[in-house]
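Listed below are the residues making up each chain.
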Amino acid sequence: MKTAKPVKHVIVDDLFWKKYKQVVAEEVIPYQWKALNDELPDTEPSHAIENFRIAAGESSGEYYGTVFQDSDLAKWLETVAFSLRDHPNPALEERADEVIELLGRAQAEDGYLNTYYLLKEPNNRWTNLRDNHELYCAGHFIEAAVAYYETTGKTKFLHIMEKYVDLIQQVFGTEEGKRKGYPGQEGKRKGYPGHEEIELALIKLYDVTAKDQYLKLAQYFIEQRGQHPIYFAEEQEKRKHIQTEPTWNDDNNINFGLGFEYQQAHQPVREQKEAVGHAVRAVYLYIAMADLAAKTGDASLLQTCETLWDDVTNHKMYITAGIGSTVNAEAFTCHHDLPNDSMYCETCASVGLAFWANRMLRLAPDRKYADVLERALYNGTISGMDLDGKRFFYVNPLEVNPFQKSRKDQEHVKTERQKWFFCACCPPNLARMIASVEDNMYTQTDDTLYTHLYIASKVSMTLSGHEVEITQTHHYPWDADLTFSIHVTESTSFKWALRIPGWCKQAEVKVNGEAISLDHLENGYIEIQRTWKDGDVVTLHLAMPVERIRSNPLVSMNQQQIALQRGPVVFCLEEVDNGANLAGLRLTKDSLITEEFSENLLGGIVKLTIEGHRLKNSNALYSSEPPEFVPQQITAIPYYAWCNRAKGEMRVWVYES
């Protein structure tokens, strides 16, 4: 199995993403720092920093927050690390260093680092892996430490986490040995986390340290999951004999009625053929499985990843790349169950889907992965934050209507973004994705460069033993005429594979003005093999008309409806443009769609206008009379930008007449 490695540290000069990255650097990071320090008025307190101060003996009080509150701070640190790459900020770096020093002071002598157990249940470590997120929090801190080391070269954070991982290695495994956590019981614990995360983080730690034990520990957690007897059942039975805090998940409705499918622990991973359970947990597991397959060349694990990918993207994914269609357990349901007004589509789930697509591209450069990655980046992820970076969606609906406020079963659907959340996993997760978006653009082998995403930028890498620099210039995703300039110190032979997106039905590629045939694409990529000279120019034109997208007929709630998509961007209707009762609007099959770039609207967007109709209101609840329609101009904006002007209705899927 030949895998490609990521190309990092791209310098982004893209109008679309540079603006988002600037918002993260100048608004989101300071805003979230205030949230972590409980400095936001009229907002749910975080207490995350204070928990560490108490654990370090530098403050008094009790633990506050969810059991995974530590992870909010970890994701903030990771975002800082990524942001410092293109927004150097000595004061921010100094603040991050101070936080890292605080982590070191809070860390127990044996390496343990989790404020919930340090402060609330110091004698009950590792007794509730199913629910209490110890290993999940450890994973996020490991990811942050790796990112901080890669950006700054500083090792303090990395050493703190290696000390913690050394402890975790002593606790978990199949070999004989003294177990820590359950005094008097011999043998290492055969457990694994209820919320996956540490698995993928350990592989990142292996990448920067080359220490085999970290890869082996990740492999252990992956391989152990779902083995029978199920560890979580044994663990729950053992908890009856120790004094521990009650947990939300110990009642008769264990795991929201889903059984161990909730944690993807119902079967060993290689036997899993369908994506089930909590959507974020699932994609984090699949990321780690893909990473492990890439490191070990495990063909059966790769096949499982491909099977699960097909299940998610062909049966359980929204047009916005939202996943997890039910509020119950924030979970996947059955094939084609994709309601628009009661869905869940957690921001973290779309972020996780983008990360998974990134890993699948390392295993196989196939546009089916890059298309989903792009769909997630331009739609279902960034919709989770308003344009100024100060309000956030946890749930990303595809329809907001007047009835939701009266329905108990849809109270999870918010009609406007929130300042913060008691469970605040999504805002920092989205921030770290935006801050590192350039890491998704390229992968390479020794002599081949794959371009997966089109983001105006400059990148340098070594190909065929020579330094190569490529500059992308364009105004994607609004305009699809792209220029690539090649800079080399001496002529260099390598293969360059450019993705032709699945949404594009007509493309043109030229090298120095000479057309390249697109008759033979390799998994959706045009491969150009040549000896490149300094000053060579590649141009790429991607036809980007507005497309009317229709669902599979088995998605019953979307029958006779269409969605509008232009390039990678999905559009929606808002009440502020179209009036109330959006369900009464109709788009005719032959209506002309006008595109206009509006520089001063919503940060600069393409706006669509269509001549359509509105269903005329009636006084009768039921009637045998045929419906009447009145003409109305309909306006559509990018889905990610909705709810940045006025609160009101919104819908992605519109009836077609």
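Scroll up to find the structure.
First things first, this report covers the structure right here in the doc. (Residues numbered from 1 in each chain as written. Predicted model: local features only at pLDDT ≥ 70, side-chain atom pairs only at ≥ 80, totals over all residues. Heavy atoms only, no water.)

### Considering the pattern of salt bridges
Think of it this way: side chains of opposite charge can pair up when their charged atoms draw near. If you walk through the whole model with that rule in mind, you get 43 salt bridges. Residue E27 is joined to K390 by a salt bridge in which the shortest nitrogen-to-oxygen separation is 3.8 Å. Of this pair, E27 sits in helix α1 (residues 15–36) while K390 sits in the loop between α14 (367–381) and β3 (399–400); the two residues are 363 residues apart in sequence, bridging distant segments of the chain. Owing to a relative accessible area of 37%, K390 belongs among the partly exposed residues under this scheme. Its salt-bridge partner being K495, residue E527 comes within 3.7 Å of it at the nearest N-O pair. Of the two residues, E527 is situated in strand β12 (residues 525–532) and K495 in strand β9 (residues 492–499); the sequence distance between them amounts to 32 residues. Judged by relative accessible area, which is 31%, E527 ranks as partly exposed. K495 sits in the partly exposed class, given a relative accessible area of 25%. (Salt bridge = Lys/Arg side-chain N within 4 Å of Asp/Glu carboxyl O. Helix = DSSP H or I, 4+ residues; strand = E, 2+ residues; numbered from the N terminus. Buried < 20%, exposed > 50% of the residue type's maximum accessible area, 1.4 Å probe, protein only.)

### Topic: unusual backbone geometry
The amide bond that connects H228 to the next residue, P229, takes the cis arrangement and shows omega of 0°. Relative to the elements of secondary structure, P229 occurs in the loop between α9 (212–224) and α10 (231–239). With omega at 5°, the peptide bond leading from Y476 into P477 counts as cis. Topologically, P477 is positioned in the loop between β7 (466–473) and β8 (481–488). In this structure, H9 is a non-glycine residue whose phi angle is positive, near 60°. Its location among the elements puts H9 in the loop between β1 (5–6) and β2 (11–12).

### Observations regarding the sheet that holds strand β4 (residues 442–444)
Pairing between the strands of a sheet comes from backbone hydrogen bonds, and it takes one of two forms, parallel or antiparallel. Strand order in the open sheet made by the five strands is β1-β4-β5-β9-β12, with mixed pairing throughout. Strands with a single pairing partner mark the edges of an open sheet, and in this sheet they are β1 and β12. As defined by bridge partners, β4 adjoins strand β5 (residues 448–451) across three bridges and the pair is classed as antiparallel. Each residue of the ladder has a partner; that of T443, found in β5, is Y450. (Pairing = 2+ DSSP bridges.)

Distances and angles like these do not, on their own, reveal function.
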